[in-house]
Amino acid sequence: MSPEIISQIKSGGILYILLVIAITMREFGRAYVADKLGCVLPRMEGRVTINPLAHMDLMGTVVFPIICIALSTSTNFPLIFGWGKPVRILFTNPKTYVRDDILSTLAGPVANLVIAFISSVLLAVFFAFELKDYAFVAQYSILINVVLFVINMLPVPPLDGGRILRYIVKMSDATYMSISRYGIFIFFAIIFLPPTKYLFSLVVQFIANIFLIIANLILMLFN
């Protein structure tokens, strides 16, 4: 086996581990907040945990990410992402239902931003101690978590952004479910059609740069 192939396998393995961590923390964040808001389902189903096995989906956390990573390392495929097993949530208080659903929905993307922030801190530390290999891992972690954040905040049902949009425009359940059937096609159109792909990339780069600036500010403390 050539050194180039070994290097690609190593890089792919690192990317996969980082993606699984990002997906796990997203699902854990949602389950944790729902649990704190009084929903019993996530804890009953063992989702209030950072154990990746509790959140893995065969297609979204195994098959699809591995395909993305394989394409990325061999053909420069521009996007690596995946998804976990959906956290089932059922709020029963009609007075706080909307608030609780919004908070638990936002908890997933916010968890990805938290991991990106932690990665930016680690990036600064690794650069300060000249651990460049680890610094690259931290950079990948920032990018992967930002990509997941932006994807999930797209205003397309059934993504998190679509759930929030549902309440903003007072979308009926029937309309929401109808759009959700085509959500995957709308999503792929957004990330692959040139105009929306360019806008998507700009947003990802803008947010990722914020975390890189944070890392640089922290790095200045070591000088």
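Refer to the structure printed above.
Note that this is a predicted model, so its numbers are computed, not measured. (Residues numbered from 1 in each chain as written. Predicted model: local features only at pLDDT ≥ 70, side-chain atom pairs only at ≥ 80, totals over all residues. Heavy atoms only, no water.)

Student: Talk me through the overall build of the protein; I want residue IDs and the actual numbers.
Tutor: Counting its regular elements, the protein contains 9 helices and 0 strands. The order of helices and strands in the protein, counted from the N terminus, is α-α-α-α-α-α-α-α-α. For the protein, whose C-alpha radius of gyration is 18 Å, the value lies close to the compact-globule estimate of 17 Å for 223 residues. Once the C-alpha set of the protein is aligned to its principal axes, its extents read approximately 55 × 40 × 30 Å. When the 223 residues of the protein are sorted by exposure, 42% land in the buried category. Here the analysis covers contacts within the protein between residues at least 6 apart in sequence; of these, 68% occur between residues at least 24 apart. (Helix = DSSP H or I, 4+ residues; strand = E, 2+ residues; numbered from the N terminus. Rg over C-alpha atoms; globule rule 2.2 N^0.38 Å. Buried < 20%, exposed > 50% of the residue type's maximum accessible area, 1.4 Å probe, protein only. Contact = heavy atoms within 4.5 Å.)

Student: Break down the nonpolar core for me, with residues and values.
Tutor: Counting 40 residues, the largest nonpolar core has Phe81 and Val146 as the members making the most contacts within it. Elements with a contribution of two residues or more to this core: helix H1 (3-36), helix H3 (58-75), helix H4 (97-128), helix H5 (132-152), helix H8 (183-192) and helix H9 (194-220). A total of 10 residues in this core trace back to one element, the largest contributor, which is H5. If we ignore the near neighbours within four places in the chain, the residues touching Phe81 are Leu19, Phe64, Pro65, Cys68, Val147, Leu148, Ile151, Phe187, Phe188 and Ile191. (Core = buried A, V, L, I, M, F, W, Y, C linked by side-chain atoms within 4.5 Å.)

Student: So what about a nonpolar patch on the surface? Which residues, and what values?
Tutor: Taken together, Leu58, Met59, Val63, Ile67, Leu71 and Trp83 make up a surface patch of nonpolar side chains, about 540 Å² in accessible area. Assignment of secondary structure puts Leu71 in helix H3. Note on Leu71: relative accessible area 33%, which makes it partly exposed. (Patch = residues over 30% accessible without salt bridge, like charges linked within 9 Å, V, L, I, M, F, W, Y side chains within 5 Å. Areas by Shrake-Rupley, 256 points an atom, 1.4 Å probe, with all protein chains shown as cover. Salt bridge = Lys/Arg side-chain N within 4 Å of Asp/Glu carboxyl O.)

Student: Requested: an account of the packing of helix H7 (residues 173-181) against H8, with residues and values cited.
Tutor: Contact geometry for H7 and H8: axes closest at 4 Å, N-to-C directions at 55°. Between H7 and H8, the angle falls in the class oblique. Here Ile179, Ser180 and Arg181 of H7 lie close against H8, whose contacting residues are Gly183, Phe185 and Ile186. Within the contact of H7 with H8, the residues separate by chemical class into 3 nonpolar, 2 polar and 1 charged. (Axes fitted to C-alpha atoms, helices over the stretch in contact; angles between N-to-C directions. Parallel < 35°, antiparallel > 145°, perpendicular 65-115°, else oblique. Nonpolar A, V, L, I, M, F, W, Y, C, P; charged D, E, K, R; others polar.)

Student: Provide a residue-level description of the pattern of salt bridges, including the pertinent values.
Tutor: One pass over the structure, following the stated rule, counts 7 salt bridges. Taking the shortest distance from any N to any O, the salt bridge between Asp35 and Arg43 comes out at 2.9 Å. Between Asp101 and Arg163 there is a salt bridge whose closest N-O contact spans 2.8 Å. Remark: Arg163 occurs in helix H6 (residues 160-168) and Asp101 occurs in helix H4; sequence separation between them is 62 residues.

Student: With reference to specific residues and values, describe H6.
Tutor: Burial within H6 is extensive, with 7 of its 9 residues counted as buried. Those residues of H6 that fall on the buried side of the exposure criterion are Asp160, Gly161, Gly162, Arg163, Ile164, Arg166 and Tyr167. Phi for Lys170, located one or two positions after H6, is positive at around 55°.

Student: Report on the layout of surface pockets, specifying residues and quantitative values.
Tutor: The volume enclosed by the largest pocket comes to roughly 790 Å³. Lining the largest pocket are 29 residues; nearest its centre among them are Arg26, Pro86, Asn152, Pro158 and Leu159. At the level of secondary structure, the elements contributing two or more residues to the lining of the largest pocket comprise H1, H4, H5, H6, H7 and H8. Counted by class, the lining of the largest pocket contains 16 nonpolar, 5 polar and 8 charged residues. (1 Å grid on protein atoms, 1.4 Å probe; cavity = no way out; pocket = protein on both sides within 12 Å on 5 of 7 lines; lining within 4 Å. Points joined across faces, edges and corners; volume = space filled by probe spheres on them.)

Student: Lay out the packing of aromatic side chains with the relevant residues and their values.
Tutor: This structure, assessed with the given rule, holds 9 aromatic pairs. With a centroid separation of 5.2 Å and an interplanar angle of 55°, the aromatic rings of Phe187 and Phe188 are classed as tilted. Here Phe187 falls in the buried class, since its relative accessible area comes to 5%. Taking the relative accessible area as the measure of exposure, Phe188 reaches 27% and is therefore partly exposed. (Phe/Tyr/Trp six-rings, centres within 6.5 Å; stacked < 30°, edge-to-face > 60°.)

Student: Could you give an account of unusual backbone geometry, with specific residues and numbers?
Tutor: Here Pro157 and Pro158 are connected by a cis peptide whose omega angle stands at 5°. Looking at where Pro158 falls in the secondary structure, it is placed in the loop between H5 and H6. Phi is positive for Glu130, close to 55°, though the residue is something other than glycine. Given a relative accessible area of 68%, Glu130 falls into the exposed group.

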